[in-house]
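Structural overview for review
Listed here are the chains, written in short residue letters.
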Amino acid sequence: MGLQQFEHRLERLVEGTFAKAFRGQLQPVELGKRLTREMDLHRAVSVRGLISPNVFEIQLSPDDFEHFGSFLDVLAEELVEAAQEHARSSRYSFVGPVEIIIVKSTSLTKSTFSIESSVEEGEEVLTGSVVLEDGRRVGIGNAPITIGRLEECEIQINDTNASRRHAELRREGGTVVIIDLSSTNGTRVNNAPISQHRLLNGDLITIGSTTLRFETN
């Protein structure tokens, strides 16, 4: 699913004016496919789960670099967002912001390219967000977030099976932890009961009959 989302997003780049500009040329979706493979090949296991590279340098031939021209900034932005989508789908985490750098290499010939990746920590270490059942997102910053039925909870859920102050989300370094606040019916992550749990990208949080999804940014 992650690769399909990645490809569909990039394919939108070659509609309309992009289609004319890239006809018979190196296609953005080719960069996307190689980028996802780079993420998959160089993922690493850590205490946070699967860590993906977050900084990518894409080297293009002089002809392709010039041909992309004014589209380079747009392409880089789309590739960043698509990489984030692939990471969410594959349950990868980043230790810093995703960065795409596109440069010209005189050693490459037309329609050939290379990608080099690295894992680089940054200030924007994964904070993450919680996706509610209606699709709304609640970002997680430095302050703890309480989930429950009370109006003063940052995430208020209208669920009779939830306690007034049911659980708390707390950032600990570069990770997000969910803590059950001695709730009546307990808190589950991926259908397993927890008292405290370090969340990974894509984890499903069940509180009462309500399901929330945790996603890294």
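Owing to the predicted nature of the structure, the values given are computational and were not obtained by experimental measurement.

1. Concerning the environment of asparagine 161
Tracing the chain through its elements places asparagine 161 in the loop between strand 10 (155–156) and strand 11 (167–172). Of the residues examined, asparagine 161 reaches a relative accessible area of 36% and is grouped as partly exposed. Along the primary structure asparagine 161 and threonine 210 are separated by 49 residues, whereas in three dimensions their C-alpha atoms are 8.7 Å apart.

2. As for the packing of aromatic side chains
This model, assessed by the stated rule, comprises zero aromatic pairs. The side chain of arginine 34 reaches across the aromatic face of phenylalanine 113, ending 4.2 Å from its centre.

3. With respect to the side chain of serine 52
Among the secondary structure elements, serine 52 is positioned in the loop between strand 2 (49–51) and strand 3 (55–60). Taking the relative accessible area as the measure of exposure, serine 52 reaches 0% and is therefore buried. Beyond its immediate chain neighbours, meaning those up to four positions away, serine 52 contacts Met39, Arg43, Tyr92, Ser93, Phe94 and Val119.

4. Focus on the nonpolar core
The biggest cluster of nonpolar side chains holds 23 residues, and the ones touching the most others in it are Leu31, Ile58, Leu60, Ile100 and Ile102. Listing elements by their share of this core, those giving two or more residues are helix 3 (28–41), strand 3, helix 4 (62–68), helix 5 (72–90), strand 5 (99–104) and strand 6 (113–118). In terms of residue count, helix 5 provides more of this core than any other element does, seven residues in total. Beyond its immediate chain neighbours, meaning those up to four positions away, isoleucine 102 contacts Ile58, Leu60, Phe65, Leu72, Leu75 and Ala76. Among the nonpolar cores identified, the runner-up in size contains 20 residues, and Ile145, Ile147, Val176 and Ile207 belong to it.

5. Section: the environment of arginine 43
Its location among the elements puts arginine 43 in the loop between helix 3 and strand 1 (44–46). For arginine 43, a relative accessible area of 44% translates into the label partly exposed. In this structure, the C-alpha to C-alpha distance between arginine 43 and serine 93, residues 50 residues apart in sequence, is 9.3 Å. With near-sequence residues (within four places) excluded, arginine 43 lies in contact with Ile51, Ser52, Pro53 and Tyr92. Side-chain polar atoms of arginine 43 contact the side chain of tyrosine 92, separated by 3.0 Å.

6. Looking at the sheet that holds strand 6
Two orientations exist for strands paired in a sheet by backbone hydrogen bonds: parallel and antiparallel. In spatial order, the strands read 5-3-6; together these three strands make up an open sheet with mixed pairing. Every other strand in the sheet has two partners, leaving strand 5 and strand 6 as the edge strands with one partner each. If you compare each strand with its neighbour and ignore which way they point, the axes differ by 20° on average. The sheet contact formed by strand 3 and strand 5 spans six bridges and is parallel. The partner of valine 55 across the bridge, within strand 5, is glutamate 99.

Cut-offs used in this document
- Each residue is numbered by its place in its chain's sequence as written, counting from 1.
- Totals for whole chains, interfaces and linings use all residues, but because this is a predicted model, local features are given only for residues with pLDDT of at least 70 and pairs of side-chain atoms are given and counted only at 80 or more.
- In computing side-chain properties, one takes all heavy atoms of the structure into account and sets aside hydrogens as well as water.
- Put simply, DSSP marks the helices as runs of H or I at least four residues long and the strands as runs of E at least two long, and each gets a number from the N terminus on.
- Relative accessibility thresholds used throughout: buried, under 20% of the residue-type maximum; exposed, over 50%; partly exposed, between the two (1.4 Å probe, protein chains only).
- Two rings belonging to Phe, Tyr or Trp (six-membered ring only in the last case) form a pair when the distance between their centres is within 6.5 Å. Interplanar angles under 30 degrees mark stacking, angles over 60 mark edge-to-face geometry, and anything in between is tilted.
- Placement of a positive charge over a ring is assigned whenever Lys NZ or Arg CZ falls within 6 Å of the ring centre and within 35 degrees of the normal to the ring plane.
- Residue contacts follow a heavy-atom distance rule, with two residues in contact if any of their heavy atoms lie within 4.5 Å.
- Here, nonpolar core means buried Ala, Val, Leu, Ile, Met, Phe, Trp, Tyr and Cys residues that are tied together by side-chain atoms lying within 4.5 Å of each other.
- Each polar contact in these results corresponds to two N or O atoms within 3.5 Å; when the atoms are within protein, one needs to be able to donate a hydrogen and the other to accept it, and residues that are neighboring in sequence are counted only if both atoms are side-chain atoms.
- Any two strands between which DSSP finds at least two bridges are classified as paired.
- Fitting a line to C-alpha atoms yields each axis, with helices limited to the stretch in contact; the angle taken between N-to-C directions then spans 0 to 180 degrees.

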